[in-house]
Amino acid sequence: VCVGAYRDEQGKPWVLSVVRKAEELMLASPTDNKEYLPIEGDDAFVQQALQFAYGAELLNDPNIQMAGVQTLSGTGACRIGGEFLARHYPASQNIYIP
């Protein structure tokens, strides 16, 4: 997880062409209503991200408890994860991020 902001030689924001294309597709979609997501994010996206990060075998193992949320940004994700661990697992000292 890292900051996802890119800048050119003059320090100005630089947007990847694939991001521009995704924006165009989203704006052109007749079915996209631009509604806010629930607080935990888009469940289908979260499940795909967990499967990508940990693999289907681990994700579907009934002996393993796993959860995920979608966050606004990489640094925001680090903050939310750290706050969660500090509050619910104060003895934890190691954080592993795939």
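Scroll up to find the structure this text is about.
Residues numbered from 1 in each chain as written. Predicted model: local features only at pLDDT ≥ 70, side-chain atom pairs only at ≥ 80, totals over all residues. Heavy atoms only, no water.

Here we look at the overall build of the protein
This is how the line gets drawn: Strands here are runs of E lasting at least two residues and helices are runs of H or I lasting at least four, both read from the DSSP assignment and numbered beginning at the N terminus. Here the globule rule reads 2.2 Å times residues to the power 0.38, and the radius of gyration is calculated from C-alpha atoms. For every residue, the accessible area (1.4 Å probe, protein chains only) is compared with the maximum for its type, and the residue is labelled buried under 20%, exposed over 50%, or partly exposed between those bounds.
A count of helices and strands for the protein gives four helices and zero strands. In sequence order, the secondary structure elements of the protein are arranged as α-α-α-α. In terms of overall size, the protein is more extended than a compact globule, its C-alpha atoms giving a radius of gyration of 17 Å where 98 residues would be expected to give roughly 13 Å. Principal-axis analysis of the C-alpha atoms gives the protein an extent of 45 × 35 × 25 Å. Counting only residues that meet the buried cut, the protein has 4% of its 98 residues in that class.

Remarks on the environment of Asp42
Note the cut-off: Contacts are residue-level and defined by heavy atoms, with any inter-residue pair within 4.5 Å sufficient.
On the secondary structure map, Asp42 appears in the loop between α1 (17–28) and α2 (43–54). The spatial distance from the C-alpha of Asp42 to the C-alpha of Gln70 is 6.9 Å, given a sequence separation of 28 residues. For Asp42, the residues in contact, after removing those within four places along its chain, are Leu37 and Gln70.

Notes on a nonpolar patch on the surface
Heads up, the rule is: Each patch is built from residues that are more than 30% exposed by relative accessible area and take part in no salt bridge. Like charges join if they lie within 9 Å; nonpolar side chains (Val, Leu, Ile, Met, Phe, Trp, Tyr) join within 5 Å. With residues, only the protein chains shown are counted as cover, and all accessible areas are computed by Shrake-Rupley using a 1.4 Å probe. Any carboxyl oxygen of Asp or Glu within 4 Å of a side-chain nitrogen of Lys or Arg constitutes a salt bridge here.
A contiguous nonpolar surface patch, about 220 Å² in accessible area, is contributed by Val15, Val18 and Val19. A relative accessible area of 34% places Val19 in the partly exposed class.

A short note on α2
This is how it is decided: One fewer than the residue count of a helix, multiplied by 1.5 Å, yields its expected span. Polar contact criterion, stated in full: a pair of N or O atoms within 3.5 Å, where within protein one must be able to donate a hydrogen and the other to accept it, and residues adjacent in sequence count only if both atoms are side-chain atoms.
The end-to-end C-alpha distance of α2 is 16 Å, a good match for the 16 Å that 12 residues give at a rise of 1.5 Å each. Where α2 begins, the side chain of Asp42 points an oxygen toward the backbone nitrogen of Ala44, at a separation of 3.0 Å.

Things to note about the environment of Gln93
Take Gln93: it is sitting in the segment after α4 (74–88). Judged by its relative accessible area of 75%, Gln93 falls in the exposed class. In the structure, Gln93 is positioned 68 residues away from Leu25 in sequence and 43 Å away in space, judged by C-alpha atoms.

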